[in-house]
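Coordinates in review
The residues making up each chain are set out below.
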Amino acid sequence: MRVLFVATPLIGHAFPMMPLALHLQSTGHEVLLATGGDAATVLRTELAVESVAPAVNLARSSVRAYLVHPHAALRSLSGMADARAGARLFAHINRPMSAALIALARRYRPDLVIHEPFAASGAIAAAAVGAPTVLHNIALDRGEDIVRETLKALSANVGGHAAVLSVAPPSLVAVPGWPMRYVPYSLPAPDPVDWLYTRPTRPRILVTRSTMLGDGPDAMLTSLIRAAPRVDAEFVVVRPNRPLERARRLPDNVRTVGWTVLSDVLPYCSGMLNHGGAGSIYAALVAGIPQIATPAPGDRTWNATLLATSRTGLAIPAKRITHQHLTTLVTDTTLTANAKLVAAEIAAMPTPAAIATRLPGLLGH
């Protein structure tokens with residue numbers, strides 16, 4: 001079976017599909033990933049990659065798309081995963097991808113096209129060669145809504161998906177489709193820090209920030225530095241921003257490290273503080289630890305709200321994080337117990353390997 005995977009040129013959109021892609025490749029299927037930017041660069045060592053788009057500056061693309069559609073900008077700022085708002089931005093990214101993908105599909109002749117919700121151009125390319133499509137959800141929202149609205153913004157009329165893969169744990173949010181276990185994926189850390197793989201003497205909280213917001217001031221890190229001295233815990237900041245790196249003195253219980261594979265070190269942590277991105281949230285859910293997520297535009301308020309509603313974490317605006325919130329994160333036994341229940345729920349979902357055995361049955365749909 002010849003399978004074409006399609007992702008927007010963003011690492012956080014390509015990585016969640018890699019466990020299924022690599023399993024198909026390891027079992028004898030021919031796999032090609034169509035993406036671009038850093039995602040294409042870093043994944044070339046893992047499987048065949050075709051670059052179909054330049055690197056994307058998400059902040060700049062957002063400004064361009066939302067200047068034309070100010071109402072979409074307002075909906076995006078709510079952070080509640082509004083499909084129409086997301087469609088305006090990702091139509092702007094998908095439009096130049098479509099022609100390259102159609103040309104690639106006509107040359108490659110895939111038996112099946114698997115794309116993530118924000119790469120609706122994958123469905124356009126599949127339709128051009130009559131290949132069935134599988135929608136691979138990568139977040140905690142309904143990818144079908146995003147694809148529908150994006151195709152509408154692109155004035156594209158294509159058929160439905162042969163299957164939809166849902167990685168969301170049902171207890172947090174019901175996303176229709178074939179359930180599939182979320183498996184964290186990352187490239188190895190270039191310089192792993194040995195002490196991160198040991199159990200600390202007091203609670204350890206891992207802190208991650210968005211890779212999309214550049215290296216300038218970060219309200220979440222500012223709040224952390226202010227609150228940390230009053231918390232009986234050890235904080236580890238992954239990829240600190242430039243102001244934090246230049247700080248002459250950090251609180252005694254705050255340490256910094258470079259690129260780190262979150263899923264490898266989270267089992268040694270008691271909690272996580274993050275920006276509300278789906279990848280970070282899933283990493284903590286899989287590890288079974290509670291987290292604080294900061295509500296923000298896009299889907300990050302939606303993600304943080306799901307954590308708060310399920311009592312697997314807290315939703316706290318970045319500027320308002322206090323030592324009480326951080327202490328609650330590692331002392332509230334209900335948060336920890338609920339996080340472990342969701343981790344068990346995820347572990348019970350069908351694996352990418354199990355899903356792979358069902359895909360050949362979709363050919364001809």
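You'll find the structure just up there.
For every chain, the first residue of its written sequence is number 1, and the numbers climb from 1 along that sequence. Since the coordinates come from a predicted model, pLDDT governs what is reported: local features require at least 70, and pairs of side-chain atoms require 80 or more to be given and counted, while whole-chain, interface and lining totals use all residues. Hydrogens and water molecules were not included; the side-chain quantities draw on all heavy atoms of the structure.

Notes on the sheet that holds strand S2 (residues 30-36)
Note on pairing: DSSP must find at least two bridges between two strands before they are called paired. Labels follow the DSSP assignment, with helices taken as runs of H or I lasting at least four residues and strands as runs of E lasting at least two, numbered in each case from the N terminus. In spatial order, the strands read S3-S2-S1-S4-S5-S6-S7; together these seven strands make up an open sheet with parallel pairing. Of all the strands in the sheet, just strand S3 (48-53) and strand S7 (178-179) have a single pairing partner and so form its edges.

Quick word on the nonpolar core
Buried together is how nonpolar side chains tend to be arranged in soluble globular proteins. Residues Phe 5, Leu 24, Leu 43, Ile 114 and Leu 359 are the most contacted members of the largest nonpolar core, which totals 73 residues. Any two residues whose heavy atoms approach within 4.5 Å at even a single point are treated as in contact. Sequence-distant contacts of Leu 359, that is, excluding residues within four places in its chain, are made with Met 1, Leu 20, Leu 24, Leu 112, Ile 114, Val 134 and Trp 178. As used in this record, nonpolar core signifies buried Ala, Val, Leu, Ile, Met, Phe, Trp, Tyr and Cys residues forming a set joined through side-chain atoms within 4.5 Å. When a residue's accessible area, from a 1.4 Å probe over protein chains only, is under 20% of the maximum for its type it is buried; when over 50% it is exposed; and in between it is partly exposed. Formed by 22 residues, the second largest nonpolar core is a distinct cluster that contains Ala 227, Ala 228, Ile 316 and Leu 335.

Some thoughts on the pairing of strand S1 (residues 2-6)
In terms of burial, S1 is a largely internal element, four of the five residues being buried. In the sheet, S1 pairs with S2 via five bridges, with the strands oriented parallel. When the bridges of S2 are listed, Arg 2 appears paired with Glu 30.

A short note on the pattern of salt bridges
When a carboxyl oxygen of Asp or Glu is within 4 Å of a side-chain nitrogen of Lys or Arg, the pair counts as a salt bridge. Under the criterion given, the structure shown has ten salt bridges. Here Arg 107 makes a salt bridge to Glu 50, at a shortest N to O gap of 2.9 Å. One end of the pair, Arg 107, is in helix H6 (residues 83-108); the other, Glu 50, is in strand S3, with 57 residues separating them in the sequence. Residue Arg 311 is joined to Asp 332 by a salt bridge in which the shortest nitrogen-to-oxygen separation is 3.4 Å. Remark: Asp 332 occurs in the loop between helix H14 (323-331) and helix H15 (333-347) and Arg 311 occurs in the loop between helix H13 (300-310) and strand S13 (313-315); sequence separation between them is 21 residues. According to the relative accessible area criterion, Asp 332 is buried, its value standing at 19%. Residues joined in a network through salt bridges with shared partners are Arg 142, Asp 145, Arg 148, Glu 149 and Lys 152.

Details of empty space enclosed by the protein
Method remark: on a 1 Å grid restricted to protein atoms, a set of points is classed as a cavity if a 1.4 Å probe fits but cannot get out and as a pocket if it is open with protein on both sides within 12 Å along at least five of seven lines; lining residues have an atom within 4 Å of a point. Grid points are joined across faces, edges and corners, and a volume is the space filled by probe spheres set on the points. All told, the structure shown has one cavity of 30 Å³ or more when counted by the stated rule. Lining the largest cavity we find Pro 16, Pro 19, Leu 20, His 136, Val 167, Met 180, Arg 181, Tyr 182, Val 183 and Pro 352.

Structural notes on the packing of H6 against helix H8 (residues 143-153)
Here the axes come from fitting lines to C-alpha atoms, over the contacting stretch only for helices, and the angles between their N-to-C directions go from 0 to 180 degrees. H8 packs onto H6 with a crossing angle of 55 degrees between their chain directions and a minimal axis gap of 8 Å. On the basis of their axis angle, the class for H6 and H8 is oblique. Crossing handedness for the pair H6 and H8: right-handed. Residues Ala 83, Arg 84, Ala 87, Arg 88, Phe 90, Ala 91, Asn 94 and Arg 95 of H6 touch H8, and the partners they reach there are Asp 145, Ile 146, Glu 149, Thr 150 and Ala 153. By residue class, the composition of the contact of H6 with H8 is six nonpolar, two polar and five charged. Oblique is the label for every angle not falling under 35 degrees (roughly parallel), over 145 degrees (roughly antiparallel), or within 65 to 115 degrees (roughly perpendicular). Crossings are sorted by hand: turned counterclockwise from the far helix by less than a right angle, the near helix makes the crossing left-handed, and turned clockwise it makes it right-handed. Only Asp, Glu, Lys and Arg are considered charged, only Ala, Val, Leu, Ile, Met, Phe, Trp, Tyr, Cys and Pro nonpolar, and every remaining residue, Gly among them, polar.

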